[in-house]
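Structural characterization, general
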Amino acid sequence: SGQSYKLFTSDRELSSSLINYIFQDRNGMIWVATEDGLNRYDGVKFTIYKHKKNDIHSLCNNYVRTLFEDSKGRLFIGTLNGFQLYDPATDTFSEPAKWSDGTIFNSNIVSVIEKKNGELWISGNFTCKVKVIDGSIIMIKQHLPIRTTSTDYIMEDQYHNCWLMSGERGLYRIDAHHKMYHYSFNERGGIINNICQNKQGEIFISTVGRGIYRYDVKSNSFLPILLNGRQDLPVKTLYIDRHNQLFVGTDGC
């Protein structure tokens, strides 16, 4: 009852009401990624960033998908067709990421992770390793035992397994020795849309229309978690809070 709120809208403060991601950096700034620009809130006012023609240090695309801050405090911006690094000293962005041959990296960015060995990986149209050299971003194609195009969310668990979601192709696990395992859910009528891990190392996935599954290490398979005997839950998202509780967001259930 002691809480208060303030509503921010595209009529006044925000560049768009179609919000893809909200993130708070280590300096306390709130960043709001939208489908028409990037917004930064300092507690008093919003600053809006958009693409400017012929300005390579502006946002490369107004459709901002995701944000990621690594262990060094660097803030990365993933858009519909490019990847950049924010420079707080100049309040601008790096040139758009490039391939190692110097060509522009035009790719939709879905997610970014920092592995335990310090490597940065991105997923989207391509699964790549990210290198930052003198403020410039270089993308290196990953040579994995799976198709590395059209990948969705990616996660590394506490046992150094990399999990890659790949739409209708299902879920892939690549262990520390680069051995690959594939888990398909098409025959079960579900497409994976989220993955998370709790403090005990348990892996959970959610599907559209087939509910939640828990990874069983012994059988190397995913077992359904039923709710009142039901498995047909239209799950949209999963979240594990600081108390290790699993929250489930559904679509109208």
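These lines cover the structure that appears in this document, whether it is placed above or below. Since this is a predicted model, take the numbers as computed values, not measurements.

**A few points about the overall build of the protein chain**
Across its full length, the protein chain holds 0 helices and 23 strands. For the protein chain, the C-alpha radius of gyration of 19 Å lies close to 18 Å, the compact-globule estimate for 253 residues. Buried positions account for 43% of the 253 residues belonging to the protein chain. Summarising the internal contacts of the protein chain: among those between residues at least 6 apart in sequence, 40% fall at separations of at least 24. Accessible area for the protein chain stands at about 14,000 Å²; split by element, carbon and sulfur atoms hold 49% of it. Computing the positive centroid from 29 side-chain charges and the negative centroid from 27, the protein chain places the two 3 Å apart.

**Observations regarding the nonpolar core**
Counting residues in hydrophobic clusters, the biggest one holds 15 residues, and the most contacted among them are Phe76, Phe83, Phe105, Ile122, Val130, Ile137 and Met139. Breaking this core down by element, the ones donating at least two residues are β7 (82-87), β10 (109-114), β11 (120-124), β12 (128-133) and β13 (136-141). Residues in contact with Ile122, not counting those within four places in the same chain, are Phe83, Phe105, Ile109, Ser111, Val112, Thr127, Cys128, Val130 and Met139. Counting 13 residues, the second largest nonpolar core, distinct from the first, contains Leu171, Tyr183, Ile205 and Tyr213.

**A short note on the pattern of salt bridges**
Going through the model one piece at a time under the given rule, you end up with 8 salt bridges. Here Arg74 ties to Asp70 by a salt bridge, and the two come within 2.7 Å at their closest N and O atoms. On the basis of relative accessible area, Arg74 is assigned to the partly exposed category, the value being 24%. By relative accessible area, Asp70 is classed as buried at 3%. Glu95 is the salt-bridge partner of Lys98, the closest N and O atoms lying 3.6 Å from each other. Among the residues examined, Lys98 registers a relative accessible area of 27% and is labelled partly exposed.

**Side note on the sheet that holds strand β8 (residues 92-93)**
Ordered in space as β5-β6-β7-β8, the 4 strands form an open sheet in which the pairing is antiparallel. At either margin of the open sheet sits one strand with a lone partner, and together these are β5 (64-69) and β8. Inspection of the sheet shows β5 paired to strand β6 (residues 75-79) by 5 bridges, in the antiparallel sense. By the bridge assignment, Phe68 is partnered in β6 with Phe76.

**Structural notes on the pairing of β11**
Strand residues, when the strand is regular, have side chains that alternate between the two faces of the sheet. Extensive coverage of β11 is indicated by the burial of 5 of its 5 residues. The alternating pattern of β11 places Leu120, Ile122 and Gly124 and Trp121 and Ser123 on opposite faces, both of which are buried. In this structure, β10 lies alongside β11, joined through 5 bridges in antiparallel fashion. The residue bridging Glu114 from the neighbouring strand is Leu120, located in β11. Where β11 and β12 come together, 3 bridges link them in antiparallel fashion.

**What about the packing of aromatic side chains?**
This model, assessed by the stated rule, comprises 18 aromatic pairs. Taken together, a centroid distance of 6.3 Å and an interplanar angle of 50° make the contact between Phe105 and Phe126 tilted. With Phe105 in the loop between β9 (98-99) and β10 and Phe126 in the loop between β11 and β12, this pair connects stretches of sequence that are 21 residues apart. Ring geometry for Trp163 versus Tyr215: centroids 5.2 Å apart, planes at 75°, classification edge-to-face. Here Tyr215 lies in strand β20 (residues 211-216) and Trp163 lies in strand β15 (residues 162-165), a separation of 52 residues in the sequence. Among the aromatic residues, ring-to-ring pairing joins Trp31, Tyr49, Tyr86 and Phe93 into one connected group. Residue placement shows Arg173 over the ring face of Tyr181; its charged tip is 4.0 Å from the ring centre.

**Looking at the environment of Leu14**
Along the chain, the position of Leu14 falls in the segment before β1 (19-24). Separated by 22 residues in sequence, Leu14 and Asp36 place their C-alpha atoms 9.4 Å apart. Aside from chain neighbours lying at most four places away, what touches Leu14 is Phe8, Thr9, Ile19, Val32, Asn39, Phe46 and Ile48.

**Topic: the sheet that holds β12**
If you walk across this open sheet you meet the 5 strands as β9-β13-β12-β11-β10, and the pairing is mixed. Looking along the sheet, the strands with just one partner apiece sit at the ends: β9 and β10.

About the cut-offs
- Residues numbered from 1 in each chain as written.
- Predicted model: local features only at pLDDT ≥ 70, side-chain atom pairs only at ≥ 80, totals over all residues.
- Heavy atoms only, no water.
- Helix = DSSP H or I, 4+ residues; strand = E, 2+ residues; numbered from the N terminus.
- Rg over C-alpha atoms; globule rule 2.2 N^0.38 Å.
- Buried < 20%, exposed > 50% of the residue type's maximum accessible area, 1.4 Å probe, protein only.
- Contact = heavy atoms within 4.5 Å.
- Areas by Shrake-Rupley, 256 points an atom, 1.4 Å probe, with all protein chains shown as cover.
- Lys, Arg positive; Asp, Glu negative; His and termini not counted.
- Charge placed at Lys NZ, Arg CZ, Asp CG, Glu CD.
- Core = buried A, V, L, I, M, F, W, Y, C linked by side-chain atoms within 4.5 Å.
- Salt bridge = Lys/Arg side-chain N within 4 Å of Asp/Glu carboxyl O.
- Pairing = 2+ DSSP bridges.
- Phe/Tyr/Trp six-rings, centres within 6.5 Å; stacked < 30°, edge-to-face > 60°.
- Lys NZ or Arg CZ within 6 Å of the ring centre and 35° of its normal.

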